[in-house]
Amino acid sequence: MADNSKAEDAASDSVEAAKHASDKKEKLADQVMQNPQVLAALQDRLDNSSRTPSSYIETLPKAVKRRIDALKQLQVKCAHIEAKFYEEVHDLERKYAALYQPLFDKRRDFVVGEVEPTDAEANWDSENEEEEKLAGDLKNKVVIEEREATAAEANPKGIPDFWFTIFRNVDMLSELVQEYDEPILKHLQDIKVKFSEPGQPMSFSLEFHFEPNDYFTNSVLTKTYKMKSEPDKTDPFSFEGPEIVDCEGCTVDWKKGKNVTVKTIKKKQKHKGRGTVRTITKQVPNDSFFNFFNPIKVSGDGESLDEDSEFTLATDFEIGHFFRERIVPRAVLYFTGEAIEDDDNFEEGEEGEEEELEGEEEGEEEEDTESDPKKDSSQPAECKQQ
């Protein structure tokens, strides 16, 4: 009986302690809720958490929503006008491509060694010309020694490994090139961009011109990228200009035993009944740059591709665009590495600006928090709306 009495007393004490703690919390909550600054901050937080663009639109009168729908109709018409603008830009690109081509043809002649540049064509003032003049005497001595050392060497034809060096310099391309691709790419003489003819669907083709080699019989390998400059009927507001929607490669006529896009493997098979073992050989796909000419096809029946295929296709489109916009027009600068340095400096500058802006924003938020507790909840929401 004594033990039961002690247990009841302990339980009673625990209940009283819990009740006392609960009463204390309620009083503290009442005191907090009576603080005007706390109430204002909570109200701002509630207001801002529910103040999204869609929820705001829902609160508008029916007449205002009707006018917004009219604005959307105008926006769709703007998208279609923009699509026509890009179609005319494509025509303009075609026109100027014809003006560039004679220069690119001469570039090809210099690269393969069919034509030697004249003194006037080869006259290029280096940025370090003054330094070169100051070191002239020393260079003259070096030149004499080099002439003696290289007198017996053959004068190389054109610019050896011009396009192969570009592939090696550009990360986007070097990642695709395997060791066994390299001797093939050394036979690459030129890359050309061809635009679709007037009245034809918008597209462009890349032509890879090869000299005769021991790997395939094609003199030209082609890759055509189909484009669309038309707002999506289901989502017209997503239109941001022409986009590549599909691409077609070509058949590479490999010589016997030279196809680097496949490899032969041996596999042992055991007969279930007799238990005998035989060795079979079969060909499986192999990593190679030349898979570039056998791209994944966009499904025409509306079926979606898996995630890996979508990534591969998107990368393919990016590479095609990069060939067209950067590599072919500025080939010599990618050969020397100057264009790569420019690209890297531009990217670093963008990242630096972004980091600097982020730092400024963080500093402003911290300052606002210290100066006025109310802005702690309202300021971030205002930034999001902007």
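Residues numbered from 1 in each chain as written. Predicted model: local features only at pLDDT ≥ 70, side-chain atom pairs only at ≥ 80, totals over all residues. Heavy atoms only, no water.

Participant: How would you explain a negative patch on the surface if you had to name every residue and give the values?
Facilitator: A cluster of acidic side chains, namely E230, D232, D235 and E243, defines a negative patch on the protein surface. Residue position: D232 is located in the loop between β3 (220-228) and β4 (243-248). For D232, a relative accessible area of 35% gives the class partly exposed. (Patch = residues over 30% accessible without salt bridge, like charges linked within 9 Å, V, L, I, M, F, W, Y side chains within 5 Å. Areas by Shrake-Rupley, 256 points an atom, 1.4 Å probe, with all protein chains shown as cover. Salt bridge = Lys/Arg side-chain N within 4 Å of Asp/Glu carboxyl O. Lys, Arg positive; Asp, Glu negative; His and termini not counted. Charge placed at Lys NZ, Arg CZ, Asp CG, Glu CD. Helix = DSSP H or I, 4+ residues; strand = E, 2+ residues; numbered from the N terminus. Buried < 20%, exposed > 50% of the residue type's maximum accessible area, 1.4 Å probe, protein only.)

Participant: Before we move on, can you summarise helix α7 (residues 162-169) with the specific residues and values?
Facilitator: Burial analysis of α7 places six of its eight residues in the buried class, the great majority of the element. Taken as a whole, α7 has its buried residues at F162, W163, F164, T165, I166 and F167.

Participant: Mind laying out the sheet that holds strand β2 (residues 203-210), listing which residues take part and the relevant values?
Facilitator: Pairing is antiparallel in the open sheet, where four strands are placed in the order β1-β2-β3-β4. Two strands bound the open sheet, and with one partner strand each, they are β1 (188-195) and β4. Adjacent strand axes in the sheet meet at a mean angle of 20° when their direction is disregarded. Pairing analysis gives seven bridges linking β1 to β2, with the strands arranged antiparallel. Counted as the bridge partner of D190 is H209 from β2. (Pairing = 2+ DSSP bridges. Axes fitted to C-alpha atoms, helices over the stretch in contact; angles between N-to-C directions.)

Participant: Before we move on, can you summarise the packing of aromatic side chains with the specific residues and values?
Facilitator: Tallied over the full model, the rule gives 25 aromatic pairs. Aromatic side chains F289 and F292 sit 5.5 Å apart centroid to centroid with 15° between the ring planes, which places their arrangement in the stacked category. For F292, a relative accessible area of 6% gives the class buried. Relative to F323, the ring of F292 has its centre 6.1 Å away and its plane inclined at 55°; by these criteria the two rings are tilted. Here F292, found in the loop between β6 (277-285) and α10 (307-327), pairs with F323, found in helix α10; they are 31 residues apart in sequence, far enough to count as distant. (Phe/Tyr/Trp six-rings, centres within 6.5 Å; stacked < 30°, edge-to-face > 60°.)

Participant: Give a description of helix α4 (residues 62-112) that names residues and reports values.
Facilitator: Since the α-helix turns once every 3.6 residues, residues separated by three or four places project in the same direction. The end-to-end C-alpha distance of α4, which contains 51 residues, comes to 71 Å, matching closely the 75 Å that a straight helix rising 1.5 Å per residue would cover. At Y100, α4 shows its maximal bend, which comes to roughly 35°, and the proline P102 appears one to four places after that position. Buried residues of α4: A79, A83, H90, R94, A97, Q101, F104, R107, V111 and V112, and no others. Taken from the residues just after α4, G113 is the one with a positive phi, measuring 85°. (Expected span 1.5 Å × (residues − 1). Bend = angle between axes of the 7 residues up to and from the residue.)

Participant: Quick rundown of the confidence of the model for the protein chain? Include the residues and the values.
Facilitator: Do not read the fine detail of predicted coordinates wherever pLDDT is low. Of the residues in the protein chain, 66% reach a pLDDT of 70 or more, and the chain-wide mean stands at 77. Mean pLDDT per element in the protein chain: helix α13 (residues 375-385) is the minimum at 39, and helix α9 (residues 182-185) is the maximum at 97. This model gives residues 360-386 a pLDDT under 50, and the stretch forms 15 contacts once residues within four places in sequence are excluded. (pLDDT = per-residue confidence, 0-100. Contact = heavy atoms within 4.5 Å.)

Participant: Go over the pairing of β2 with me, naming the residues and quoting the values.
Facilitator: With eight of eight residues buried, β2 is to be regarded as a mostly interior element. With burial as the criterion, each face of β2 is covered, one bearing S203, S205, E207 and H209 and the other bearing F204, L206, F208 and F210.

Participant: So, the nonpolar core: which residues are in play, and what are the values?
Facilitator: Counting residues in each nonpolar core, the largest one holds 46 residues, and the members touching the most others are F167, F208, F216, F289, F290, F292 and F323. Broken down by element, this core gets its largest block of residues, six residues, from α10. Not counting residues within four places of it along the chain, the set of residues in contact with F167 comprises L173, S174, V177, L185, L188, I191, F208, F289 and F323. (Core = buried A, V, L, I, M, F, W, Y, C linked by side-chain atoms within 4.5 Å.)

Participant: Please set out the environment of L173 residue by residue, giving values where relevant.
Facilitator: Secondary-structure assignment places L173 in helix α8 (residues 171-174). With a relative accessible area of 1%, L173 lands in the buried category. Put simply, L173 and F289 are 116 residues apart on the chain and 8.2 Å apart in space, counted from C-alpha to C-alpha. Filtering out sequence-adjacent residues up to four positions away, L173 remains in contact with F167, I319, F323 and I327.

Participant: Quick one: what's the story with the pairing of β3, residue by residue and with numbers?
Facilitator: The alternating pattern of β3 places L221, K223, Y225 and M227 on a buried face and V220, T222, T224, K226 and K228 on a face that is not buried. In this sheet, β3 lies alongside β2 in antiparallel orientation, the contact comprising seven bridges. Across the sheet, E207 pairs through a bridge with T222, a residue of β3. Where β3 meets β4, five bridges bridge the pair, whose relative direction is antiparallel. Bridging from a neighbouring strand, K226 pairs with D246 of β4.

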